[in-house]
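Observations on chain architecture
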Amino acid sequence: MMSHETKSQALHEIERGEILRFLAEVYPNPVTPNMLMHHLDDSAYSVDDDELGFHFAYLFEKGYIALEEFARRAGEKRRIRWVKITARGIDRIDNRPPESDGVRI
Amino acid sequence: MRIQPTRIEQLDAKHPGLRLDVDLMLDKQATLEAIAALVKEKTGETLSIQTISNYKQRRWLAKKLRLEELREIFTTLKAELGEAAISESTQARLFELVDQAMRSGAALDPHFLLKEQRLWALQDIWKQQNERLKQKLEIELEKTRREMKDSVDEAEAKLRGGESLTVGDIDKIRERVFGLPAAKGGSE
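Predicted model only: the values in this text are computed from it and were never measured. (Residues numbered from 1 in each chain as written. Chains lettered and ligands numbered in written order. Predicted model: local features only at pLDDT ≥ 70, side-chain atom pairs only at ≥ 80, totals over all residues.)

**Topic: the overall build of chain A**
- Scanning chain A for helices and strands turns up four helices and two strands.
- Put simply, chain A runs from its N terminus to its C terminus through helices and strands in the order α-α-α-β-β-α.
- Expressed as a percentage of its 105 residues, the buried residues of chain A come to 30%.
- Within chain A, contacts between residues at least 6 apart in sequence are counted, and of these 57% link residues at least 24 apart. (Helix = DSSP H or I, 4+ residues; strand = E, 2+ residues; numbered from the N terminus. Buried ≥ 20, exposed ≤ 12 C-beta atoms within 10 Å, placed from the backbone. Contact = placed C-beta atoms within 7 Å.)

**Overview of the environment of Leu61 of chain B**
All names here are of chain B.
- Within the fold, Leu61 resides in helix α4 (residues 49-81).
- The exposed category is assigned to Leu61, around which 12 C-beta atoms lie within 10 Å.
- Distance from Leu61 to Asp27, taken between C-alpha atoms, is 9.8 Å for residues 34 residues apart in sequence.

**Quick word on the nonpolar core**
- If you look at the biggest cluster of nonpolar residues, it comprises 21 residues, and the most contacted ones within it are Ile19, Leu20, Leu23, Val31, Leu36, Ile65 and Val83 of chain A.
- Counting residues per element, the ones that place at least two in this core are α1 (9-26), α2 (33-42) and β2 (79-85) of chain A together with α4 and α5 (88-103) of chain B.
- Tallying contributions element by element places α1 of chain A first for this core, with five residues.
- Core analysis: the next-biggest nonpolar cluster, separate from the first, contains eight residues, Leu18, Ile35, Leu47 and Ile52 of chain B among them. (Core = buried A, V, L, I, M, F, W, Y, C linked by C-beta atoms within 7 Å.)

**Notes on the interface of chain B and chain A**
- Of the residues lining the interface, 15 residues belong to chain B; the matching set on chain A comes to 18 residues.
- Listing elements by their share of the side of chain B that touches chain A, those giving two or more residues are α4 and α5 of chain B.
- At eight residues, α5 of chain B tops the list of elements feeding residues into the side of chain B that touches chain A.

Set out below in structure tokens:
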């Protein structure tokens with residue numbers, strides 16, 4: 001498995017695109033990281049935990065996904081319980097221009 | 001079991017992003033000829049329409065159908081469970097479980113739960129009908145017992161009072177206690 005340092009930038013972008021497209025397919029349902037990882041395996045875009053965490057952090061900072069974190073005990077590394085695509089993430093999938101709010105009245 | 005990569009997947013390893021472009025074109029219902037042209041442009045390789053069709057069937061369509069089925073089962077489950085009552089965390093876990101069940105080959109009919117639900121509802125109706133029938137039979141039985149007792153009590157009271165039993169009294173007992181027709185010759 002390549003780390004996110006050795007994988008090409010293009011491959012990272014493709015993986016993040018696949019994550020967003022999967023989340024859009026199952027919208028509005030939230031999914032566990034485990035389920036998403038299985039999907040990426042099926043799609044031949046396998047990632048490890050660190051890579052998936054990296055992609056989640058990136059997509060979250062962009063506002064494309066919502067997520068909930070938890071830690072079993074205080075001081076323990078926080079884990080992601082679920083993720084789901086946001087309206088902004090769907091706009092990105094649909095290539096909607098920033099000036100459009102996605103609603104035509 | 002190792003899955004044999006399709007030709008497009010093999011090319012994608014050398015030209016990252018090719019498969020994504022093909023998927024996006026299939027999403028937009030592009031023709032297989034147009035996809036072949038795209039592959040030629042990006043990789044210089046000439047793929048037959050059959051090769052692209054194989055990819056479409058084995059990967060793109062299989063994924064779409066699987067996701068559709070997964071979504072349908074999960075939506076049904078949520079509706080049955082009462083979506084508002086389930087936290088997002090539970091929903092995500094439940095979704096994963098349905099996904100795992102499908103991956104393990106469980107034959108989950110998209111309407112599995114609805115069918116089961118209907119069957120349970122039908123069984124409930126049968127149970128209620130049986131219960132009502134049982135109550136009705138118990139009432140009938142109690143009525144019959146009372147009539148039997150009345151007939152015997154009546155006959156006993158007559159005998160204690162020094163009276164004789166008539167053929168009519170015997171007929172009542174025959175009819176109420178034993179369910180037999182009146183004696184030939186009729187009652188008095």
